[in-house]
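Each chain, letter by letter, is given below.
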Amino acid sequence: MSRIKELLATGQPGDAVTVKGWVRTKRELKDFAFLELNDGSSLAGLQAVLTPTVPNYDALIKQVNTGATVSCEGVLVASQGKNQRIELQAKALTLWGEADPTTYPLQKKRHSFEFLRTLGHLRGRTNTLGAVFRVRNACATAIHQFFQARGFLWVHTPIITASDCEGAGEMFGVTSLNLENLPKLANGQVDYSQDFFERPAYLTVSGQLEAEIMAMAFSNVYTFGPTFRAENSNTSRHLAEFWMVEPEMAFCDLEGDMDLAEDFLKFIFRYLLEHCPEDMQFFQDRIDQTVLATADQIIHNEFARVTYTEAVSLLEKSSRTFEFPVAWGLDLQSEHERYLAEDYFQKPVIVTDYPAKIKAFYMRLSEDGQTVRAMDILAPKIGEIIGGSQREERLDILTQRIQAQGLDPQTYWWYLDLRRYGTVPHAGFGLGFERLVQFMTGMDNIRDVIPFPRFPGSAEF
Ligand code: 4AD
Ligand code: MG
């Protein structure tokens, strides 16, 4: 069996091949028929030409419709068509699965992405979602290549955890208890001793804390896995389940962290242009006419770098009216992030040194006692794409910070132990994988860059 991508690239007239895939379109003429076959390997399909010499031609041509699965055996020939170099002259056609044209939901016309979301089981067969999922695969490959080439260990951090890395209380609970009849203690609280883990457990919001454990033994590590947030994800940038890439480096400060993050994004863009040129051209032509210029700009220019304090003053000085207030001490909202990246700098910008009060407990407190060594990378059209920091490696300050945020140091005993035994300055960041794919493809809604999006009210497919 041959994959269509390879045939389109290197197949030669005269090659005998068998192609297996789904019928995208059928065109019946008087003495022959064209089938456009797609097997998901590439955006472009392979045109098969069927003539009555194909056994059972008359019956097959009635049964084979858009959406049907077939294998087609034949010989490649030079094509007369203007958009294709070769086509497949069929000798035999096998129909694996029919698709009733009166009910098959993917019609030839363009469907809205919203409608396609109701067809999570079929939408991968469309041009756009096909291109998105191939780009997703290429980005994932690039991520591993980048870190493996630099000697980072890929570590697998747990999905089920007892600790809230971000301290934001946005965790989904995991329980084996019967929710309708929870065992209760005398004081009315749930009796977790009867639960599977004998304590409250949650889906992880981030693998960072465990990645830090591993970095304290292997120096440079990264995670790449699903993370979960029970936050309001009714936006085009939030999912309840998303994938995160989290490198963690021992013997590293915030500057090293930012440099790595910038090299990392440049590498992935370069990889994508090299490995998915056809899909990227499709996004440029059909989705967002700035994607190629953006990629080029990322690869060839340095990111802007400003402190949070500078960013706030830029926002205060701007003539733009914002919906949300801007003042030192308040978190930047998506509109502020987008103004900075899209309008002011017109390229990705790294904002550093945020107020300690609005950032997580693990970020390293600066000498001023007010700010932490945090960095967010803000991208045009997306806003925050990466969040990272140098970590607090000093036991006393970390303990105070945990308490100051109303968290229980007891829960983090092992995290504090890492500061007791062989502590070292270290840093890392988290890249939202879907936001990256959105940024690269120009797709408007994050729900269309993950095969099975999870958001309020949606867990069907
Ligand atoms: O900024 P966040 O919350 O940082 C962390 O979780 C750190 N523990 C990472 C680290 O330093 N190792 O999340 C990191 C990134 C964000 O910048 C954003 O791109 C993405 O994860 N993200 C989301 N993506 C989709 N849906 C959501 N609900 C997201 N929340 C965060
Ligand atoms: Mg963040």
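Residues numbered from 1 in each chain as written. Chains lettered and ligands numbered in written order. Predicted model: local features only at pLDDT ≥ 70, side-chain atom pairs only at ≥ 80, totals over all residues. Heavy atoms only, no water.

**Re the pairing of strand S11 (residues 241–250)**
- Burial of S11 is extensive: 8 of the 10 residues sit out of reach of the surface.
- Taken together, the 9 bridges between strand S10 (residues 220–228) and S11 define a ladder with antiparallel strand orientation. Following the sheet pairing, Thr227 is matched in S11 by Phe242.
- As judged from the 5 bridges shared by S11 and strand S16 (residues 426–432), these two strands associate in the antiparallel manner. (Buried < 20%, exposed > 50% of the residue type's maximum accessible area, 1.4 Å probe, protein only. Helix = DSSP H or I, 4+ residues; strand = E, 2+ residues; numbered from the N terminus. Pairing = 2+ DSSP bridges.)

**A few points about the site of ligand 1**
- In the region of ligand 1, 25 residues are neighbours, and Glu166, Gln208, Glu231, Glu246 and Glu384 sit closest.
- One of the side-chain nitrogen or oxygen atoms of Glu231 is found 2.5 Å away from a nitrogen atom of ligand 1.
- One of the side-chain N or O atoms of Tyr362 is found 3.4 Å from a nitrogen atom in ligand 1.
- Judged by its atoms lying within 2 Å of the grid points, ligand 1 is housed in the second largest pocket.
- The element contributing the most residues to the shell around ligand 1 is strand S15 (residues 383–390), with 5 residues.
- Among the residues forming the shell around ligand 1, the class breakdown is 9 nonpolar, 8 polar and 8 charged. (Near = heavy atom within 4 Å. Polar contact = N/O pair within 3.5 Å; in protein donor to acceptor, adjacent residues only side chain to side chain. 1 Å grid on protein atoms, 1.4 Å probe; cavity = no way out; pocket = protein on both sides within 12 Å on 5 of 7 lines; lining within 4 Å. Sits in = over half its atoms within 2 Å of the grid points. Nonpolar A, V, L, I, M, F, W, Y, C, P; charged D, E, K, R; others polar.)

**Re the confidence of the model for the protein chain**
- Residues at a pLDDT of 70 or more form 100% of the protein chain, whose mean pLDDT is 96.
- The complex model carries a pTM of 0.96, and its ipTM stands at 0.99. (pLDDT = per-residue confidence, 0-100.)

**Focus: a nonpolar patch on the surface**
- On the surface, a cluster of nonpolar side chains totalling about 370 Å² of accessible area is made up of Ile159, Ile160, Phe196 and Phe197.
- By secondary structure assignment, the location of Phe196 is in the loop between strand S8 (173–174) and strand S9 (201–203).
- In this structure Phe196 comes out as exposed when scored by relative accessible area, which is 60%. (Patch = residues over 30% accessible without salt bridge, like charges linked within 9 Å, V, L, I, M, F, W, Y side chains within 5 Å. Areas by Shrake-Rupley, 256 points an atom, 1.4 Å probe, with all protein chains shown as cover. Salt bridge = Lys/Arg side-chain N within 4 Å of Asp/Glu carboxyl O.)

**Remarks on the sheet that holds S9**
- Strands sit in the order S7-S9-S8 across an open sheet of 3 strands; the sheet is antiparallel. Only two strands of the sheet have a single partner each, and these edge strands are strand S7 (160–161) and S8.
- In the sheet, S7 pairs with S9 via 2 bridges, with the strands oriented antiparallel. Bridge pairing in S9 links Ile160 to Leu203.

**Description of the layout of surface pockets**
- Reported here for the largest pocket is a volume of approximately 1400 Å³.
- Taken together, 47 residues form the lining of the largest pocket, with Arg24, Glu36, Leu43, Thr126 and Asn127 sitting closest to its centre.
- For the lining of the largest pocket, the elements supplying multiple residues, two or more each, are strand S1 (16–28), strand S2 (33–38), strand S3 (46–50), helix H3 (113–117), helix H4 (127–149) and helix H7 (277–286).
- Residues of the lining of the largest pocket, tallied by class, amount to 15 nonpolar, 18 polar and 14 charged.
- Here the second largest pocket is characterised by a volume of approximately 1100 Å³.
- Considering the residues around the second largest pocket, the lining is formed by 43 residues, among which Glu166, Arg229, Glu231, Glu384 and Arg435 are closest to the centre.
- Only S11, helix H10 (334–344), S15, S16 and helix H13 (433–441) provide two or more residues apiece to the lining of the second largest pocket.
- Among the elements that line the lining of the second largest pocket, the one with the most residues is S15, at 6 residues. (Points joined across faces, edges and corners; volume = space filled by probe spheres on them.)

**A closer look at the packing of aromatic side chains**
- Within this structure, the stated rule accounts for 23 aromatic pairs.
- Their ring planes at 25 degrees and their centres at 4.6 Å tell us that Phe147 and Tyr222 sit as a pair that is stacked. One end of the pair, Phe147, is in helix H4; the other, Tyr222, is in strand S10, with 75 residues separating them in the sequence.
- By relative accessible area, Tyr222 is classed as buried at 0%.
- With centroids separated by 5.0 Å and ring planes inclined at 35 degrees, the aromatic side chains of Phe147 and Phe264 adopt a geometry described as tilted. In this pair, Phe147 sits in helix H4 while Phe264 sits in helix H6 (residues 254–275), placing the two residues 117 residues apart along the sequence.
- With relative accessibility at 0%, the residue Phe147 sits in the buried group.
- Residue Phe264 is classed as buried on the basis of its relative accessible area of 0%. (Phe/Tyr/Trp six-rings, centres within 6.5 Å; stacked < 30°, edge-to-face > 60°.)

**Examining the pairing of S1**
- Looking at chain direction, S1 and strand S4 (residues 69–78) are connected through 7 bridges and run antiparallel. If you follow Trp22 over to S4, its bridge partner there is Thr69.
- Here S1 pairs with S2 via 6 bridges, running antiparallel. Residue pairing for S2: Thr25 is matched across the bridge by Glu36.

**Let's talk about the sheet that holds S10**
- Pairing is mixed in the open sheet, where 8 strands are placed in the order S6-S10-S11-S16-S15-S14-S13-S12. A strand with exactly one partner marks an edge of an open sheet, and here the two such strands are strand S6 (153–154) and strand S12 (304–307).
- Those strands touched by H13 are S10, S11, strand S14 (371–379), S15 and S16, and its axis lies near 60 degrees from that of S16. (Contact = heavy atoms within 4.5 Å. Axes fitted to C-alpha atoms, helices over the stretch in contact; angles between N-to-C directions.)

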